[in-house]
Structure formats: C-alpha cells, structure tokens
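Now for the letters of each chain:
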Amino acid sequence: MSVVKDQLLYSKEHEWVEVIGERTIRIGITDFAQSQLGDIVFVELPEVGTEVLSETSLGNIESVKTVSDVYAPISGVVTQVNNTLLDQPENVNSDPFGGGWMVELEIDDHAKEALTQLLTAEQYREYTAE
C-alpha cells in the first residue's frame with residue numbers, strides 16, 4: 001500500500017502539494033505515482049521564473065517503463081527547483097515526499113483559493129483504492 005501523508009494535499013494526476021509559506025507551495029509526485037512508474041532514470045524540471053498554469057505540464061519524468069508529464073496542480077511562478085534530481089532522479093523513488101520534491105511555486109490569492117479544490121489525504125486514499 002502506498003504512503004499518503006495526512007498534512008499534504010493531492011491532485012488526481014498524482015502530485016502532492018505542501019503549503020510551506022504564505023504564498024509558497026512545494027510539489028512532487030506521490031508514492032503511488034512513483035511506484036507505478038518504476039525506476040526513475042531522468043527528471044526534467046522547469047526553469048526558475050517560469051509561469052505555470054494549473055493542469056499543464058511543468059516537467060517530465062522518465063522511468064524504465066515510460067515517460068510521464070508532471071502537472072501543476074496550482075498556477076504559479078517557479079521560485080525553486082530541486083536540481084539534485086538532475087543527477088539523482090532515483091530520489092523520487094526512494095523519498096518522494098522528501099528529497100524527491102520537484103518545484104516550489106509562488107502563488108497568488110486566486111491560486112490559494114484553488115488549493116481548496118485539491119484532494120485531502122483521505123480523499124486521495126479513496127481515489128487510489130478505486
């Protein structure tokens with residue numbers, strides 16, 4: 001069974017969102033997603049300063065099985081990327097909620113409202129059980 005952290009929010013595309021500041025969120029893929037992908041061999045992330053829109057691709061993950069998009073669950077501007085993943089993409093497999101985080105976004109008030117549309121941990125557990 002996949003790990004789901006109670007303090008995070010989740011998208012139906014299997015990204016997690018952590019609110020880390022008044023206008024800052026951190027995004028990664030869930031334990032469920034990394035287990036479905038298999039061994040991750042490459043991660044492509046956006047540049048700092050890139051504006052991303054909700055439900056659009058903000059990068060790619062390549063595994064031994066497939067290449068998948070990582071979607072922005074919330075609109076915002078990229079303020080930080082986890083450059084460690086460029087050399088150690090396997091961190092997404094070994095620590096998806098820690099060292100495997102992908103980007104941080106600065107969000108506006110409208111985007112903060114959009115956070116309420118994401119799944120809670122319990123809702124995400126139910127969603128992945130289907």
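Per chain, residues are indexed from 1 in the order of the written sequence. Thresholds applied to this predicted model are a pLDDT of at least 70 for local features of residues and 80 or more for the giving and counting of side-chain atom pairs; totals over whole chains, interfaces and linings are not thresholded and use all residues. Here the side-chain values reflect all heavy atoms present in the structure, with hydrogen atoms and water set aside.

### Here we look at the sheet that holds strand S7 (residues 67-71)
Part 1 of the argument: Spatial ordering of the open sheet is given by S4-S6-S7, a layout of 3 strands whose pairing is antiparallel. Edge positions in the sheet fall to strand S4 (40-44) and S7, since each of these pairs with one other strand and no more. Adjacent strand axes in the sheet meet at a mean angle of 25°, parallel and antiparallel pairs treated alike.
Part 2 of the argument: Two elements, strand S6 (residues 57-63) and S7, share 5 bridges in a ladder whose sense is antiparallel. Opposite Glu62, over in S7, you have Val67 as the bridge partner. By the convention used here, strands pair only if DSSP detects at least 2 bridges between them. The helix count covers DSSP runs of H or I at least four residues long, the strand count covers runs of E at least two residues long, and both are numbered beginning at the N terminus. Fitting a line to C-alpha atoms yields each axis, with helices limited to the stretch in contact; the angle taken between N-to-C directions then spans 0 to 180 degrees.

### Considerations on the sheet that holds strand S9 (residues 103-106)
Part 1 of the argument: One open sheet accounts for 6 strands, arranged S1-S2-S3-S9-S8-S5; its pairing is antiparallel. The sheet is open, and its two edges are formed by strand S1 (9-10) and strand S5 (51-52), each paired on a single side.
Part 2 of the argument: Of the strand pairs in this sheet, strand S8 (residues 76-81) and S9 are connected by 4 bridges, and their pairing is antiparallel. Pairing of Gln80 across the sheet is with Glu104, part of S9.

### Quick notes on the pattern of salt bridges
Part 1 of the argument: When a carboxyl oxygen of Asp or Glu is within 4 Å of a side-chain nitrogen of Lys or Arg, the pair counts as a salt bridge. For the structure shown, the criterion picks out 5 salt bridges.
Part 2 of the argument: Its salt-bridge partner being Arg125, residue Asp6 comes within 2.6 Å of it at the nearest N-O pair. Here Asp6 is found in the segment before S1, whereas its partner Arg125 is found in helix H5 (residues 121-129), with 119 residues between them in sequence.
Part 3 of the argument: Here Asp6 falls in the exposed class, since its relative accessible area comes to 58%.
Part 4 of the argument: Between Lys112 and Glu22 there is a salt bridge, and its shortest N-O distance comes to 2.6 Å. Here Lys112, found in helix H4 (residues 109-114), pairs with Glu22, found in the loop between strand S2 (15-19) and strand S3 (24-29); they are 90 residues apart in sequence, far enough to count as distant.
Part 5 of the argument: When its relative accessible area of 62% is taken as the criterion, Glu22 is described as exposed.
Part 6 of the argument: Several salt bridges share partner residues, and in doing so they unite Asp6, Glu122 and Arg125 into one network. Using a 1.4 Å probe on the protein chains alone, a residue whose accessible area is under 20% of its type maximum counts as buried, one over 50% counts as exposed, and one in between counts as partly exposed.

It is worth stressing that arrangement in space is one thing and function is another; only the former is reported here.
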